[in-house]
Amino acid sequence: MNFLLKWLITLTVCTIVLVAVQARAGDEWSKKDIQLEIACVVVNVLDGVTTERILDENNRAFEAGPARLLFGDRPSQAELAGVVVVSSVLHALVTHYMPKQYRQYWQWSWASVKLLAIGNNLHVGLGIQF
């Protein structure tokens, strides 16, 4: 399956979850909360894209993140896509139940960790191409 298609599916699933969660939210989501959650999904997808490219282009490369615990050193494209989807959905759920005053700290922390992972992937010689 084409990774762009996987990315679109991930984005669609996460958007549906965000809308569904918003409908039952204890603390209302502000526009900024929603924008930050979308940013979290985007950086999560970019981390998945760069990780997949590293594994495809370099036979000596290996997964160094938490997915390694589940799928070993060289997860398949489907496994990486699954990690992106599941982690995005779980992040949205945790964000939903997070008290409003802490929500943005949680989102910024997640985005920062993902940006560090993307930076590391780019540091080892990758560019982002779709």
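Look up a bit, the structure's there.
Below you will find a few notes about this structure. Note that the structure is a prediction, hence the values are computed from the model and not measured. (Residues numbered from 1 in each chain as written. Predicted model: local features only at pLDDT ≥ 70, side-chain atom pairs only at ≥ 80, totals over all residues. Heavy atoms only, no water.)

## Looking at the overall build of the chain
Stage number 1. Scanning the chain from terminus to terminus reveals five helices and zero strands.
Stage number 2. Mapped in sequence order, the helices and strands of the chain form the string α-α-α-α-α.
Stage number 3. Contacts spanning at least 24 positions in sequence make up 70% of the contacts within the chain whose residues lie at least 6 apart. (Helix = DSSP H or I, 4+ residues; strand = E, 2+ residues; numbered from the N terminus. Contact = heavy atoms within 4.5 Å.)

## A short note on the packing of helix α2 (residues 31–57) against helix α4 (residues 77–97)
Stage number 1. Running from amino to carboxyl end, α2 crosses α4 at an angle of 160°, the nearest separation of the two axes being 10 Å. If you check the angle between α2 and α4, you find them roughly antiparallel. At the point where α2 passes α4, the crossing takes the right-handed sense. Residue-level contacts link E37, C40, V41, N44, V45, G48, T51, E52, L55 and D56 of α2 to Q77, L80, V84, S87, S88, H91, A92 and T95 of α4. (Axes fitted to C-alpha atoms, helices over the stretch in contact; angles between N-to-C directions. Parallel < 35°, antiparallel > 145°, perpendicular 65-115°, else oblique. Left-handed = near helix turned anticlockwise from the far one by under 90°.)

## What about the pattern of salt bridges?
Stage number 1. Inspection of the entire model under this criterion finds three salt bridges.
Stage number 2. Across the pair K114 and D47 runs a salt bridge whose closest N-O atoms are separated by 3.0 Å. With K114 in helix α5 (residues 100–123) and D47 in helix α2, the pair connects residues that are 67 residues apart, well separated along the chain. Across the pair, exposure class does not vary: K114 and D47 are buried alike. (Salt bridge = Lys/Arg side-chain N within 4 Å of Asp/Glu carboxyl O. Buried < 20%, exposed > 50% of the residue type's maximum accessible area, 1.4 Å probe, protein only.)

## A word on the nonpolar core
Stage number 1. Membership of the largest hydrophobic core is limited to six residues, which are C40, V43, L46, W110, A111 and I118.
Stage number 2. At the level of secondary structure, the elements contributing two or more residues to this core comprise α2 and α5.
Stage number 3. Not counting residues within four places of it along the chain, the set of residues in contact with A111 comprises C40 and V43. (Core = buried A, V, L, I, M, F, W, Y, C linked by side-chain atoms within 4.5 Å.)

## Some words on the side chain of Q107
Stage number 1. Relative to the elements of secondary structure, Q107 occurs in helix α5.
Stage number 2. At 3.0 Å, the side chain of Q107 and the backbone oxygen of D33 are in polar contact. (Polar contact = N/O pair within 3.5 Å; in protein donor to acceptor, adjacent residues only side chain to side chain.)

## So, α4
Stage number 1. Over its 21 residues, α4 extends 31 Å from the first C-alpha to the last, a length consistent with the 30 Å expected when each residue adds 1.5 Å.
Stage number 2. Among the residues of α4, those classed as buried are L80, A81, V84, S87, S88, V89, H91, A92, T95 and H96. (Expected span 1.5 Å × (residues − 1).)

## Brief notes about α5
Stage number 1. Here α5 contains 24 residues, and its C-alpha end-to-end distance of 35 Å stays within 8% of the 34 Å for a straight helix at 1.5 Å per residue.
Stage number 2. Along α5, the positions that sit buried rather than exposed are R103, Q107, W110, A111, K114, I118 and N121.

## Notes on a nonpolar patch on the surface
Stage number 1. A contiguous nonpolar surface patch, about 400 Å² in accessible area, is contributed by V86, L90, L93 and Y97.
Stage number 2. One can find V86 in helix α4.
Stage number 3. The class of V86 is partly exposed, set by a relative accessible area of 48%. (Patch = residues over 30% accessible without salt bridge, like charges linked within 9 Å, V, L, I, M, F, W, Y side chains within 5 Å. Areas by Shrake-Rupley, 256 points an atom, 1.4 Å probe, with all protein chains shown as cover.)

## Points about the packing of α4 against α5
Geometry of a packed helix pair, given as the angle between the helix axes and the separation of the axes.
Stage number 1. Across the interface, α4 lies against α5 with an axial gap of 9 Å and an inter-helix angle of 160°. Comparing their axes, α5 and α4 come out roughly antiparallel. Viewed along their axes, α4 and α5 form a crossing whose handedness is right-handed. Residues S87, H91, V94, T95 and H96 of α4 touch α5, and the partners they reach there are R103, W106, Q107 and W110.
Stage number 2. Tallied by class, the residues present in the contact of α4 with α5 amount to three nonpolar, five polar and one charged. (Nonpolar A, V, L, I, M, F, W, Y, C, P; charged D, E, K, R; others polar.)

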